[in-house]
Amino acid sequence: TQLLEQSPQFLSIQEGENLTVYCNSSSVFSSLQWYRQEPGEGPVLLVTVVTGGEVKKLKRLTFQFGDARKDSSLHITAAQPGDTGLYLCAGAAYSGGSYIPTFGRGTSLIVHP
Amino acid sequence: DTGVSQNPRHKITKRGQNVTFRCDPISEHNRLYWYRQTLGQGPEFLTYFQNEAQLEKSRLLSDRFSAERPKGSFSTLEIQRTEQGDSAMYLCASSPAARGDSSYGYTFGSGTRLTVV
């Protein structure tokens, strides 16, 4: 099993602050995805990164894929209460002829107004 | 298309009973995945279908679990003789990805929350 370690596990900040969450593995992934999940709902895809060193921006969110494709980061600028949720990274691991997404435990973010 | 649909949203059952969940993926998606998520954890892979073929099963999928996707459209996940440890959120996801392509994201349903009492 290829493990994805996410840090920090919990983050509680005030509106307007910046934050970065990390996703690390000892394995190389062909692609990596970030999802946001709200309580009682399924994860919602935010972005897929494929190329080592790739940086993608989604409004106030910036995603980076490590050069070696073993790690990724998500940076949020000027966090808002609507950003509250569980942020999950998932790496595509090749198994049995298919790519199976393997998830980390997530970072639980609370943004206080 | 309204996305991935899962039914029921919630299920409470007594230990030892059988339960079945249904997932309707996005119609043009040929890949369908089942995951299980417990509190404080990320989703754990259970099984995966490419059209009607079940191509991969996790070791988490014990003999009491069975999944089907008979016509390559909707899928069912059955748990026989439920145990309290089966209590979790069961998530279904679908993807349009062709085999060997990892660049597509996955669309998840809202899940079925199972509580075994």
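Relevant structure appears above.
Thresholds applied
Residues numbered from 1 in each chain as written. Chains lettered and ligands numbered in written order. Predicted model: local features only at pLDDT ≥ 70, side-chain atom pairs only at ≥ 80, totals over all residues. Heavy atoms only, no water. Helix = DSSP H or I, 4+ residues; strand = E, 2+ residues; numbered from the N terminus. Rg over C-alpha atoms; globule rule 2.2 N^0.38 Å. Buried < 20%, exposed > 50% of the residue type's maximum accessible area, 1.4 Å probe, protein only. Contact = heavy atoms within 4.5 Å. Areas by Shrake-Rupley, 256 points an atom, 1.4 Å probe, with all protein chains shown as cover. Lys, Arg positive; Asp, Glu negative; His and termini not counted. Charge placed at Lys NZ, Arg CZ, Asp CG, Glu CD. Pairing = 2+ DSSP bridges. Axes fitted to C-alpha atoms, helices over the stretch in contact; angles between N-to-C directions. Disulfide = S-S within 2.5 Å. Phe/Tyr/Trp six-rings, centres within 6.5 Å; stacked < 30°, edge-to-face > 60°.

Enquirer: Help me understand the overall build of chain A, please; the structure alone is not making it clear to me.
Expert: Secondary structure assignment for chain A yields zero helices and 11 strands. Written out in order from the N terminus, the α and β elements of chain A read β-β-β-β-β-β-β-β-β-β-β. For 113 residues, the compact-globule estimate of 2.2 N^0.38 gives 13 Å, and the C-alpha radius of gyration of chain A, at 14 Å, lies within 12% of that figure. Taken over the C-alpha atoms alone, chain A extends approximately 45 × 30 × 20 Å along its principal axes. For chain A, with 113 residues in total, the buried portion stands at 46%. Expressed as a percentage of contacts within chain A between residues at least 6 apart in sequence, the contacts between residues at least 24 apart total 53%. Accessible area of chain A: about 5,300 Å², with a carbon and sulfur share of 51%. Charged side chains in chain A number 8 positive and 9 negative. The centres of these two groups are separated by 5 Å.

Enquirer: Looking at this structure, I do not really get the sheet that holds strand 7 (residues 65-68) of chain B. What am I missing?
Expert: By way of backbone hydrogen bonds, the strands of a sheet pair with one another, either parallel or antiparallel. Residue and element names in this part refer to chain B. Taken together, four strands build an open sheet; the order of strands is 1-3-8-7 and the sheet is antiparallel. The open sheet is flanked by strand 1 (5-7) and strand 7, the only strands paired with a single partner. Between one strand and the next, the sheet's axes are offset by a mean angle of 15°, whatever the strand orientation.

Enquirer: What should I look at first to understand the state of the cysteines in this one?
Expert: Think of a disulfide as a covalent bridge from one cysteine sulfur atom to another cysteine sulfur atom. Tallying each qualifying case throughout the model produces two disulfides over all chains. Sulfur-sulfur distance for the disulfide between A:Cys23 and A:Cys89 comes to 2.0 Å. Across the disulfide from A:Cys23 to A:Cys89, rotation about the S-S bond amounts to roughly 75°, and the bridge is consequently right-handed. Taken together, the residues span a long stretch of sequence, with A:Cys23 in strand 3 (residues 19-24) and A:Cys89 in strand 9 (residues 85-95) at a distance of 66 residues. As far as burial versus exposure is concerned, A:Cys23 and A:Cys89 are alike and both buried. Here B:Cys23 engages in a disulfide with B:Cys92; their sulfurs sit 1.9 Å apart.

Enquirer: Honestly, the pairing of strand 6 (residues 55-58) of chain A in this entry has me stumped. Any pointers?
Expert: Looking along a regular strand, one sees side chains alternate from face to face of the sheet. Residues and elements named next belong to chain A. With four bridges joining them, strand 6 and strand 7 (residues 61-65) adopt antiparallel strand pairing. Residue pairing across strands places Lys56 opposite Phe63, the latter belonging to strand 7. Here strand 6 folds back onto strand 7, and the loop between the two strands holds two residues, one of which, Lys59, carries a positive phi near 55°.

Enquirer: Hey, could you run me through the packing of aromatic side chains in this one?
Expert: Aromatic ring pairs are described here by two measures, namely the spacing of the ring centres and the angle between the planes. Overall, the coordinates contain 12 aromatic pairs over all chains when judged by the stated rule. Ring geometry for A:Trp34 and A:Phe63: centres 6.5 Å apart, planes at 45°, overall tilted. Of this pair, A:Trp34 sits in strand 4 (residues 32-37) while A:Phe63 sits in strand 7; the two residues are 29 residues apart in sequence, bridging distant segments of the chain. Here A:Trp34 falls in the buried class, since its relative accessible area comes to 0%. Judged by centre distance (6.5 Å) and plane angle (40°), the rings of B:Phe65 and B:Tyr90 are tilted. One end of the pair, B:Phe65, is in strand 7; the other, B:Tyr90, is in strand 9 (residues 88-95), and 25 residues separate them in sequence. Given a relative accessible area of 7%, B:Phe65 falls into the buried group. Overall, the relative accessible area of 0% leaves B:Tyr90 in the buried class. One aromatic cluster in this structure is built from A:Tyr35, A:Phe103, B:Tyr33, B:Tyr35, B:Phe45, B:Tyr48, B:Tyr106 and B:Phe108.

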